[in-house]
Amino acid sequence: MYVKKVAVVGAGTMGADIAYNFAMANIPVVLRDVDSKILDKAQEHIRALMQGRVTKGRLSAADMEKRLAQIQFSTQDEALLDVSLAIEAVPESLRLKQEVFRELDRLLPPLAILASNTSALAITEMANVTTRPERVAGMHFFYPAHTMKLVEIIAGDETDPEATATLVRLSEELRKIPVLVQECPGFVVNRILMAALTEVLRFKQENHLSPQDIDRVVTARKLAPMGLFVLADALGLDIAWEVSQILEKAYGDRFNPGTELGELVRQHHLGIKTGQGFYPYQSPPSNAIPNSTPMSPEQQEELANRFSLAIFCEATRLWEEGRANQKSIDIAMRAGAGLPMGPFAAADKAGLDVVYDNLKEMSQQFGSRFAPPTSLAQLVSRGQLGEKSGRGYFHYKM
Ligand SMILES: NC(=O)c1ccc[n+]([C@@H]2O[C@H](COP(=O)([O-])OP(=O)(O)OC[C@H]3O[C@@H](n4cnc5c(N)ncnc54)[C@H](O)[C@@H]3O)[C@@H](O)[C@H]2O)c1
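Keep in mind that what you see is a predicted model, and the values were worked out from it rather than measured. (Residues numbered from 1 in each chain as written. Predicted model: local features only at pLDDT ≥ 70, side-chain atom pairs only at ≥ 80, totals over all residues. Heavy atoms only, no water.)

### Side note on the overall build of the protein chain
Then, number 1: Counting its regular elements, the protein chain contains 16 helices and eight strands.
Then, number 2: A compact globule built from 398 residues should have a C-alpha radius of gyration of about 21 Å, and the protein chain, at 22 Å, falls within 12% of that.
Then, number 3: If one aligns the C-alpha atoms of the protein chain with their principal axes, the spans along those axes are about 60 × 50 × 45 Å.
Then, number 4: Taking all contacts inside the protein chain whose residues are at least 6 apart in sequence as the whole, residues at least 24 apart take part in 70%.
Then, number 5: Working note: accessible area of the protein chain is about 18000 Å², and carbon and sulfur atoms make up 52% of it. (Helix = DSSP H or I, 4+ residues; strand = E, 2+ residues; numbered from the N terminus. Rg over C-alpha atoms; globule rule 2.2 N^0.38 Å. Contact = heavy atoms within 4.5 Å. Areas by Shrake-Rupley, 256 points an atom, 1.4 Å probe, with all protein chains shown as cover.)

Printed below as a string of structure tokens:
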């Protein structure tokens, strides 16, 4: 479907950046909020982002004005009447989002697509309050949405493939990297990242280590682009806690984060935004990891193993459940979480027989969350051992 004009509903942190992306792609966009002061702030923010590109010589001043003119800032319903797609980016509450979806369903043309930028709520539960569940999908941008390339396109139970195909094409027009996901709690990136964070939290508690002890090893060994506790503090521990609760309820004990995260939230230590999270923050907040006591080489090895294998096991569950294919999962974890390699490519590189043996040992020591996945056992039994045999999760030239 050709998308002539888009509405972004909710002009906060995510909505303003999403509207910026459309304007930069020369697609007319209505940015809607209930609060006109927030619209003023959003306009200032978008102007500053564009001005940054002008200063770097990537956009002419005349083009900046043309791009800005693509955005209509509005608190009015009328502005939505002729859009082909609305992307909802209001706060993360199912009740509120359902209210917004009911309203959009009433206002928008019958063929318009309704999308949600939710991080963790069920698309199907939003679709169910509309008269067009086949035209409701997730379009999950990542923070900060003006630079992050990944967009998860999520199909709910009744979403028509034509609607998700439109969102995939449109994301490409925004020069983003779309990956298609069949709805499940946490989608791809948050589900896998949270599995890794939960495992690392367990390791931290078992070994009485500090956040910096762990973050240092994570970054020094290039397991992730930044320390996990630095990342959690930046995201907001209240949000991390909420997502972990949703995932634990959906998938069980392997997502139980232990006591520390909940305790920090209870004390209102929510990360950078409150000045204290896993780390203390002075203003301006610093991303540097303070000094730490070194971990033993054995501990470092165990941390790296538990981190990488928690990611691999969750990725294979997603694939085996048919939520997304291996290629999409690998792309999502690189573009959305900054991992140096996708979990399937990394396993193929390490050797699937090696990963299998490693998981067998780990599952004996730590329990069934590390049980070797069925797909892995099958590949190994067929001699498809990854890069070294020319075939594993992917094919390789020999
Ligand atoms: N912030 C992130 O890092 C991030 C990343 C990915 C996805 N998300 C998701 O994006 C969504 C928005 O998050 P955010 O951080 O931008 O929130 P935010 O609080 O910064 O912005 C929400 C905006 O929605 C407006 N709003 C509330 N009710 C409205 C209504 N009925 N109609 C129009 N506008 C309304 C508010 O005035 C506010 O400006 C959430 O679902 C969140 O889970 C957030």
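### A word on the packing of helix H7 (residues 189-206) against helix H9 (residues 228-235)
Then, number 1: The contact between H7 and H9 brings their axes to 11 Å, and the two run at 120 degrees. Relative to H9, H7 is oriented oblique. The interaxial crossing formed by H7 with H9 has left-handed handedness. Side by side, H7 and H9 meet where Leu 193, Ala 196, Leu 197, Val 200, Leu 201 and Lys 204 of the first sit next to Leu 228, Phe 229 and Leu 231 of the second.
Then, number 2: For the contact of H7 with H9, the residue count by class is eight nonpolar, no polar and one charged. (Axes fitted to C-alpha atoms, helices over the stretch in contact; angles between N-to-C directions. Parallel < 35°, antiparallel > 145°, perpendicular 65-115°, else oblique. Left-handed = near helix turned anticlockwise from the far one by under 90°. Nonpolar A, V, L, I, M, F, W, Y, C, P; charged D, E, K, R; others polar.)

### Comments concerning the nonpolar core
Then, number 1: Counting 91 residues, the largest nonpolar core has Leu 108, Val 188, Ile 214, Phe 278, Ile 329 and Met 333 as its most contacted members.
Then, number 2: Each of two domains, domain 1 (6-182) and domain 2 (187-398), supplies a minimum of three residues to this core.
Then, number 3: Dropping the residues within four chain positions of it, Met 333 is found in contact with Val 188, Val 189, Ile 192, Leu 193, Gly 338, Leu 339 and Pro 343.
Then, number 4: Listed in part, the 39 residues of the second largest apolar core include Ala 16, Leu 59, Met 64 and Ile 87. (Core = buried A, V, L, I, M, F, W, Y, C linked by side-chain atoms within 4.5 Å. Buried < 20%, exposed > 50% of the residue type's maximum accessible area, 1.4 Å probe, protein only. Domains from an automatic or database assignment.)

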